[in-house]
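# Structure assessment
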Amino acid sequence: MVKDWLSEYSVVGIIQKPHGVYGEVKVKPETRDLDRLSTSSTVFIANPKTKEIIPARIEQLRTNSEGWITKFDQIKTREQVPEFRFFLVLTPISDRPQLGDGHFYYTDLENLDIKTTDGTIIGKVIEVLEMPSVESFSCKINDKNVLIPWIDECVKEVNVESGYIQVELDFIRSIYDI
């Protein structure tokens, strides 16, 4: 879920562990577009605990089966890697590729109102989750945490500009006691 301190950035990866002896790190992608980063590009590295954000230049980048093997200018040696473990790799929101109609960045759906087909607001989207069988909205409805499957029988409209997701309340009631 996007935090206020990250509102101007997209999280594209999470630094995991060292790779080799020269300060390279394994980065778990948080994007489907593995070509989004490139050598010599400037990104930002964020400490989720202190919320400090620092610029970093990518000196080397290659993909493997687990994501990216990356060399950042801020990490010189293998011994430095643990202090950057689980840091977020960020790019500015303004650098995100444009999506076609009917496609959304999950972070743009967070905090949208959940509205029924009759227009009643019943809750808010907390985050979008990729479940094994279907993408789902993690929501707070009537003080309950619920997962709403992103399927046509349940989700009738996604309107980011107007700030809501319209759902079929009867479908949700068939799953949850709300």
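All of the points below concern the structure found in this document. (Residues numbered from 1 in each chain as written. Predicted model: local features only at pLDDT ≥ 70, side-chain atom pairs only at ≥ 80, totals over all residues. Heavy atoms only, no water.)

A few words on the pattern of salt bridges. Two side chains carrying opposite charge are able to pair once their charged atoms lie near each other. If you walk through the whole model with that rule in mind, you get seven salt bridges. In this structure, Arg96 engages Asp108 in a salt bridge whose closest nitrogen and oxygen atoms are separated by 3.0 Å. Taken together, the residues Arg96 in the loop between β6 (88–92) and α2 (106–109) and Asp108 in helix α2 connect sequence positions 12 residues apart. Among the ionic contacts, a cluster of salt bridges with common partners joins Arg57, Glu59 and Lys71. (Salt bridge = Lys/Arg side-chain N within 4 Å of Asp/Glu carboxyl O. Helix = DSSP H or I, 4+ residues; strand = E, 2+ residues; numbered from the N terminus.)

Remember that side chains alternate between the two faces of the sheet whenever the strand is regular. Bridge count between strand β1 (residues 9–19) and β6: five bridges; the pairing is antiparallel. In the strand pairing of β6, Ser10 is matched with Thr91. Pairing analysis gives six bridges linking β1 to strand β2 (residues 24–29), with the strands arranged antiparallel. Across the sheet, Gly13 pairs through a bridge with Pro29, a residue of β2. If you look at the hairpin formed by β1 and β2, you'll find four residues sitting between the two strands, and Gly20 has a positive phi there, around 80°. (Pairing = 2+ DSSP bridges.)

Take the packing of aromatic side chains next. Aromatic ring pairs are reported here in terms of the distance separating the ring centres and the angle at which the planes meet. One pass over the structure, following the stated rule, counts four aromatic pairs. Aromatic pair Phe137 and Trp150: ring centres 4.8 Å apart, planes at 35°, arrangement tilted. Here the residue Phe137 occupies a position in strand β9 (residues 135–141), and Trp150 occupies one in the loop between β10 (144–149) and β11 (155–159), the gap between them amounting to 13 residues. The ring of Tyr164 has Lys115 sitting right over it, with the charged end atom 3.8 Å from the ring centre. (Phe/Tyr/Trp six-rings, centres within 6.5 Å; stacked < 30°, edge-to-face > 60°. Lys NZ or Arg CZ within 6 Å of the ring centre and 35° of its normal.)

Moving on: unusual backbone geometry. Its identity is not glycine, yet Lys51 carries a phi of approximately 65°, on the positive side. Secondary-structure assignment places Lys51 in the loop between β3 (42–46) and β4 (53–64). Judged by relative accessible area, which is 47%, Lys51 ranks as partly exposed. Positioned with a positive phi, Asn142 is a non-glycine residue whose angle comes to about 50°. Relative to the elements of secondary structure, Asn142 occurs in the loop between β9 and β10. (Buried < 20%, exposed > 50% of the residue type's maximum accessible area, 1.4 Å probe, protein only.)

Pairing is mixed in the open sheet, where six strands are placed in the order β10-β9-β8-β7-β12-β11. The sheet terminates laterally at β10 and β11, the two strands that pair on one side only. Taking the axes of each pair of neighbouring strands and ignoring which way they run, one obtains an average angle of 35° across the sheet. (Axes fitted to C-alpha atoms, helices over the stretch in contact; angles between N-to-C directions.)

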